[in-house]
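Letter by letter, the chains look like this.
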Amino acid sequence: MTFQVYDTTLRDGAQREGLSYSVIDKLAVARLLDEFGVGFIEGGWPGAVPKDTEFFRRARTELDLRHALLVAFGATRKAGVAVADDPQVRALLDARTPAVALVAKADIRHVERALRTTGAENLAMVRDTVAHLVAQGRRVFVDGEHFFDGFRHDPAYTASVVETALAAGAERFVLCDTNGGMLPSRVTAAIADLTARTGIAPELFGMHAQNDTACAVANTIAAVEAGVRHVQGTANGYGERPGNADLFAVVANLQLKLGLPVLPDGCLEQMVRVSHAIAEIANIAPDTHQAYAGAAAFAHKAGLHASAIKVDPLLYNHVDPSVVGNDMRILVTEMAGRASIELKSRELGLDLAGHPDAVSKVTARVKELEAGGWSFEAADASFELLVRSELPDAAPVRPFALESYRVLVEHREDGEVVSEATVKIRVRGERVIATAEGNGPVNALDEALRVGLSRHYPELRDFELADYKVRILEGTHGTGAVTRVLVETADGTGRDWTTVGVHPNVVEASWHALVDALTYGLDRAAV
Ligand SMILES: CC(=O)SCCNC(=O)CCNC(=O)[C@H](O)C(C)(C)COP(=O)(O)OP(=O)(O)OC[C@H]1O[C@@H](n2cnc3c(N)ncnc32)[C@H](O)[C@@H]1OP(=O)(O)O
Ligand SMILES: CC(=O)C(=O)O
């Protein structure tokens, strides 16, 4: 039986607090999911959410999906209402999708207390709605809401909901852990019990896991190991409360761990791109530490890791990052060893293999500086300058020598606050004194330095300060607090670089970061 990868980013994923897609967003997300190769995209609930109705209308002309089929989601008919007269059911047909997903109550307590009807009427609602939609040519999936809780409470009733849906023509019955309280061992046991009780092959079941126990991915994998051949999830695990099973992790685990080729060839490698693009559309910062897709999913900080990675990257990576479109990164921090320095330098294009003394010096210097509050993890450009300073053939050219700088902050009578900076520097043998104003002391200092350097380095014109972050670090060992500044600089060609400075005085910390930023940028421009 064909394995089905079923995405519900646009329906259950949109139930995440704080997330709201426009119709255009939904169309863009659908295209990305299709590029990732999912088989089904649940687009929303037509007739209930106006944007979803509009999405399905526009999808007919604006989406040209290669891999996925669109699914409209809705509920079984209302209790006591003929299916043909139920406007919600009609809206599902009006969406004109090849497939429909119906949420059906699979827990007798919900039937009696939330629907306020009888078990028999709920079965009739399932039967009538499935049969009606199948008769209209739709493929039908039934999401058994609260399946696991219901099955534990009253297995006979819940099993009868499953049997009714499949007998009426549903293609798969999806076992939903709606409250997200399951554990993998309980999923396995429930599926075995359901199969034994009904005689229905587990291939006809699907799995839909909420993440309230942080086990949604594990529960989904457990279901597949128990024979289920339809998995539901959302991009990046977005969804109601803590979210749904992260479809990226589910699919990667299925392909890479269980050897099930659930995506078309070439699609798994799209994961990082698709994950980040959807995060961008959802206006949610990508989770750096997300399994497989996060920027830190294959980032190594510990020196011991790096020393083994130097021999073979797979000694410390559970898979080759490139298979999901990710990269390995070595982080340089106080936990670095010689191997970390060598590997990170190699990443930056510097081969330290023949320079053991430089490796030792840089390792010691990094540890010393990090103990004083420096952080090179996010400041590759400062790290590169540090390494190159130890390499006679690659030492960076320092564009100027500082004689002194001075910064003034003036609060004027009218309330305006202006900063002014003067730098005295030596540039290519010439003594230069330059003054500039700015909206703050760091801005004034940056401007004054540029004024002083501009005649000798006109390329500075293209550099701009793209980001400036300040962090106050608590003092250690009886010292006062220190300030760490990270400066991100861009040169207008899409290249940017980050530098760091640390000092008890914020202006001096900024000065260090600015000088590194200009030194690095000018050196690069000269290459
Ligand atoms: C587990 C899940 O996440 S399922 C997906 C849930 N998603 C959503 O709820 C988002 C979209 N929902 C909506 O826009 C609205 O809730 C609507 C349009 C569906 C319904 O709105 P209203 O008619 O105002 O009803 P309300 O939301 O208050 O209550 C839900 C109704 O659906 C009924 N219902 C709930 N589940 C089912 C079901 N599986 N089959 C049939 N009816 C159901 C309830 O009994 C209740 O009926 P009542 O109004 O006769 O009491
Ligand atoms: C259907 C669904 O979203 C759930 O039961 O969680």
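Residues numbered from 1 in each chain as written. Chains lettered and ligands numbered in written order. Predicted model: local features only at pLDDT ≥ 70, side-chain atom pairs only at ≥ 80, totals over all residues.

(A) Just the overall build of the protein, in detail. Across its full length, the protein holds 17 helices and 16 strands. Taken over C-alpha atoms, the radius of gyration comes to 30 Å for the protein, far larger than the 24 Å a tight globule of 527 residues would show. Overall, the protein is about 90 × 60 × 45 Å in size when its C-alpha atoms are taken along their principal axes. When burial is assessed residue by residue, the protein has 45% of its 527 residues classed as buried. Looking at the protein alone, contacts between residues at least 24 apart form 68% of all its contacts between residues at least 6 apart. (Helix = DSSP H or I, 4+ residues; strand = E, 2+ residues; numbered from the N terminus. Rg over C-alpha atoms; globule rule 2.2 N^0.38 Å. Buried ≥ 20, exposed ≤ 12 C-beta atoms within 10 Å, placed from the backbone. Contact = placed C-beta atoms within 7 Å.)

(B) Fine view of the confidence of the model for the protein. Summarising the model, the protein shows a mean pLDDT of 95, and 99% of its residues fall at 70 or more. The ipTM for the predicted assembly is 0.95, set against a pTM of 0.88. (pLDDT = per-residue confidence, 0-100.)

(C) Quick peek at unusual backbone geometry. At Arg96, a residue that is not glycine, the phi angle is positive and equals roughly 55°. Mapped onto the elements of the fold, Arg96 is located in the loop between helix H3 (87-94) and strand S4 (99-105). With phi around 45°, Arg428 is a residue other than glycine that occupies positive phi space.

(D) Representation of the sheet that holds strand S15 (residues 482-490). An order of S14-S15-S16 is seen for the 3 strands of this open sheet, with the pairing classed as antiparallel. Edge positions in the sheet fall to strand S14 (464-473) and strand S16 (496-503), since each of these pairs with one other strand and no more. Ignoring which end each strand starts from, the neighbouring axes of this sheet average 15° apart. Where S15 meets S16, 8 bridges bridge the pair, whose relative direction is antiparallel. Bridging from a neighbouring strand, Glu488 pairs with Thr498 of S16. Set on the sheet, helix H17 (residues 506-526) makes contact with S14, S15 and S16; between it and S16 the angle comes to about 150°. (Pairing = 2+ DSSP bridges. Axes fitted to C-alpha atoms, helices over the stretch in contact; angles between N-to-C directions.)

(E) Examining the pairing of S15 more closely. Note: S14 against S15, 9 bridges, orientation antiparallel. Paired with Leu473 across the bridge in S15 is Val482. Linking S15 to S16, which pair antiparallel, is a turn of 5 residues; within it Gly492 sits at a positive phi near 80°.

(F) Structural context of the site of ligand 2. Surveying the vicinity of ligand 2 reveals the residues Asp12, Val103, Asp143, Glu145, Cys176, Thr178, His208 and Gln210. Considered class by class, the residues forming the shell around ligand 2 number 2 nonpolar, 3 polar and 3 charged. (Near = placed C-beta within 6 Å. Nonpolar A, V, L, I, M, F, W, Y, C, P; charged D, E, K, R; others polar.)

(G) Highlighting the UniProt feature "domain: Pyruvate carboxyltransferase" (unreviewed entry) in the protein. UniProt records the feature "domain: Pyruvate carboxyltransferase" (unreviewed entry) for residues 3-272 in the present numbering. Helix makes up 43% of residues 3-272 and strand 17%. Its end C-alpha atoms lie 23 Å apart. (UniProt positions renumbered as here; feature names shortened; annotations may be inferred.)

(H) Focus on the environment of Ala168. With respect to the secondary-structure elements, Ala168 resides in the loop between helix H7 (155-167) and strand S6 (172-177). Its 19 C-beta neighbours within 10 Å are what place Ala168 among the partly exposed residues. Taking the C-alpha atoms as reference points, Ala168 and Arg388, separated by 220 residues in sequence, lie 72 Å from one another. When sequence neighbours within four positions are dropped, the list of residues in contact with Ala168 reads Val126, Arg127, Val130 and Ala131.

(I) The arrangement of the sheet that holds S6 in detail. Within the closed barrel, the 8 strands sit side by side as S1-S2-S3-S4-S5-S6-S7-S8. Their pairing is parallel. Put simply, the sheet's adjacent strands are angled 25° from each other on average, direction ignored. Pairing between S4 and strand S5 (residues 139-145): 7 bridges, direction parallel. Along S5, the bridge assignment pairs Leu102 with Val142. Here helix H2 (residues 50-62) sits on the sheet in contact with strand S2 (40-44) and strand S3 (69-75), set at roughly 130° to S2. The sheet strands contacting helix H9 (residues 216-225) are S6, strand S7 (205-209) and strand S8 (230-233), and the helix crosses S7 at an angle near 170°.

(J) Quick look at the environment of Leu32. Here Leu32 shows up in helix H1 (residues 23-36). Among the residues examined, Leu32 registers 20 C-beta atoms within 10 Å and is labelled buried. As a C-alpha pair, Leu32 and Arg273 span 241 residues in sequence and 9.0 Å in three-dimensional space. The residues touching Leu32, leaving out its near neighbours within four places in the chain, are Val274, Ala277 and Ile278.

(K) Geometry of helix H14 (residues 356-371). Its 16 residues give H14 an end-to-end C-alpha distance of 23 Å, which sits within 8% of 22 Å, the value for a rise of 1.5 Å per residue. Within H14 the residues assigned to the buried category are Ala358, Val359, Val362 and Val366. Seen end-on, H14 carries its buried residues on one side only, within an arc spanning 100°. Relative to its buried face, H14 has exposed residues pointing more than 90 degrees away, namely Pro356, Asp357, Ala364, Glu368 and Ala371. Looking at the buried positions of H14, the neighbouring elements they touch are helix H13 (338-347) and helix H15 (380-389). Backbone geometry just after H14 places Gly373 at a positive phi near 110°. (Expected span 1.5 Å × (residues − 1). Arc of directions from axis to C-beta.)

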